[in-house]
Amino acid sequence: MRILIFALLVACAYGCGRPTNPPNLSRVVGGEDVRQNSWPWQASLQYKSGSNFYHTCGAVLISSQWVLTAAHCIGSRTYRVYLGKHNLPSSESGSVALTPERIIVHESWDSYRIRNDIALIKLASPVGLNSAIQPACLPTPGSVLDHGTPCYVTGWGRLWTGGPIADTLQQARLPVVGMTTCKRSDWWSTLVTDKMVCAGGDGVLASCNGDSGGPLNCQSSDGSWAVHGIVSFGSSAGCNYPKKPSVFTRVSAYSSWISNVMTSY
């Protein structure tokens, strides 16, 4: 009984999308270092090479045992999920590396046309929640963000096109670009679909290689943060190319798939 009560207290103390150390939103490519533990659902997906693990993609904790990422981040390698990280090379209190029990890539993932770029990772055991590790909220099923909605991309991706991976977690403010604009011929044209979210496109701020699978964080009216997008792709001409906003898998378009996977495994 004491264990059950403690578990309930922990769940109440760390509800989704409410960091105990809120982000500094004064203003990834062109981004800035984040305040430690301000995006506590951000994860580093790492692959094993030899005896070491290396960051390859971002990911998002959505419950104590489930992590969301992009399908294109998953291959035949051995992976681990690192939670509670701020500075990747540093040993940090509260951070933990966890082994996946199962990785489920969307059954209709199309790498050629970049469709259904989403995957779920079930951790081998539930992670303990603390100030450094908390889940993000999921958006209302089917919801679509308005043009200009201010959101934030976070990740350890390259600091500029062809540049180094960031040591410290970065954030960048990316306003949502409505599909009417994003589908224009001089923007992304027919490459984007209504199951995606476009954000940015000013030629200054953008996601980049290594940010894939990470979240597009958007604040709800109640103050909580929901992950509305998963970093999917950007321009091959450069990470911060004008009129080529970062493109995200729209999480609200996959609510049923996420729910079905999480209840099936």
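Residues numbered from 1 in each chain as written. Predicted model: local features only at pLDDT ≥ 70, side-chain atom pairs only at ≥ 80, totals over all residues. Heavy atoms only, no water.

**Looking at the overall build of the protein chain**
- Helix and strand counts for the protein chain stand at three helices and 14 strands.
- Computed over C-alpha atoms, the radius of gyration of the protein chain comes to 17 Å, within 12% of the 18 Å expected from 2.2 N^0.38 for 265 residues, which places it in the range of a compact globule.
- The proportion of buried residues among the 265 residues of the protein chain is 54%.
- When the 20 basic and 14 acidic side-chain charges of the protein chain are each reduced to a single mean position, those positions are 3 Å apart. (Helix = DSSP H or I, 4+ residues; strand = E, 2+ residues; numbered from the N terminus. Rg over C-alpha atoms; globule rule 2.2 N^0.38 Å. Buried < 20%, exposed > 50% of the residue type's maximum accessible area, 1.4 Å probe, protein only. Lys, Arg positive; Asp, Glu negative; His and termini not counted. Charge placed at Lys NZ, Arg CZ, Asp CG, Glu CD.)

**Points about the layout of surface pockets**
- Considered as a void within the structure, the largest pocket measures approximately 260 Å³ in volume.
- Lining the largest pocket are 17 residues, and of these C208, N209, S212, F233 and G234 lie nearest its centre.
- Per-class residue counts for the lining of the largest pocket are four nonpolar, 13 polar and no charged.
- For the second largest pocket, the calculated volume is near 170 Å³.
- If you trace the second largest pocket, you find 14 residues lining it, with V144, L145, M179, M196 and R250 closest to the centre. (1 Å grid on protein atoms, 1.4 Å probe; cavity = no way out; pocket = protein on both sides within 12 Å on 5 of 7 lines; lining within 4 Å. Points joined across faces, edges and corners; volume = space filled by probe spheres on them. Nonpolar A, V, L, I, M, F, W, Y, C, P; charged D, E, K, R; others polar.)

**Brief notes about unusual backbone geometry**
- If you check the backbone angles, I114 has positive phi at about 55° while not being a glycine.
- Mapped onto the fold, I114 is located in the loop between β7 (100-105) and β8 (119-123).
- Positive phi, close to 60°, is recorded for N116, a residue that is not glycine.
- Taking relative accessible area as the criterion, N116 reaches 16% and is therefore assigned buried.

**Focus: the pattern of salt bridges**
- Scanning all chains against the criterion turns up seven salt bridges.
- Residues participating in the shared-partner salt-bridge network are R184, D186 and K243. (Salt bridge = Lys/Arg side-chain N within 4 Å of Asp/Glu carboxyl O.)

**Quick notes on the sheet that holds strand β2 (residues 42-49)**
- The strand order β6-β5-β2-β3-β4-β8-β7 describes an open sheet built from seven strands, whose pairing is antiparallel. At either margin of the open sheet sits one strand with a lone partner, and together these are β6 (96-98) and β7. Neighbour-to-neighbour, the strand axes of the sheet open up by a mean angle of 35°, direction not taken into account. (Pairing = 2+ DSSP bridges. Axes fitted to C-alpha atoms, helices over the stretch in contact; angles between N-to-C directions.)

**Digging into the confidence of the model for the protein chain**
- Looking at the protein chain as a whole, the pLDDT averages 91, with 93% of positions reaching at least 70.
- Considering only residues more than four positions removed or in separate chains, one finds that residues 1-13, a stretch of pLDDT under 50, has one contact. (pLDDT = per-residue confidence, 0-100. Contact = heavy atoms within 4.5 Å.)

**Points about the pairing of β8**
- Of all the five residues making up β8, five are buried; the element is thus mostly covered by neighbouring parts of the structure.
- Side chains of β8 alternate between two faces, with A119, I121 and L123 and L120 and K122 buried alike.
- Relative to β8, strand β4 (residues 66-69) runs antiparallel, the two being bridged by four bridges. Residue pairing in the sheet places V67 in a bridge with I121 of β8.
- Note: β7 against β8, five bridges, orientation antiparallel. Looking at β8, one finds that P100 is bridged to L123.

**Here we look at helix α3 (residues 255-264)**
- Those residues of α3 that fall on the buried side of the exposure criterion are S255, W257, I258 and V261. Viewed along the axis of α3, the buried residues span an arc of 165°, placing them on a single side of the element. Facing away from the buried side of α3 by more than 90 degrees, the exposed set consists of S256, T263 and S264.
- Buried residues along α3 sit in contact with β4, β7 and β8. (Arc of directions from axis to C-beta.)

**A short note on the state of the cysteines**
- By the definition in use, this model includes five disulfides.
- Shown here is the disulfide that connects C182 with C198, its sulfur atoms set 2.0 Å apart. Residues C182 and C198 share a disulfide whose torsion about the S-S bond is about -85°; that sign makes it left-handed. Of the two residues, C182 sits in helix α2 (residues 179-182) while C198 sits in strand β11 (residues 196-199), which places them 16 residues apart along the sequence. Like C182, the residue C198 is buried in the burial classification.
- Each sulfur of the disulfide joining C208 and C239 lies 1.9 Å from the other. Of note, the bridge from C208 to C239 carries an S-S torsion of about 60° and is right-handed in sense. (Disulfide = S-S within 2.5 Å.)

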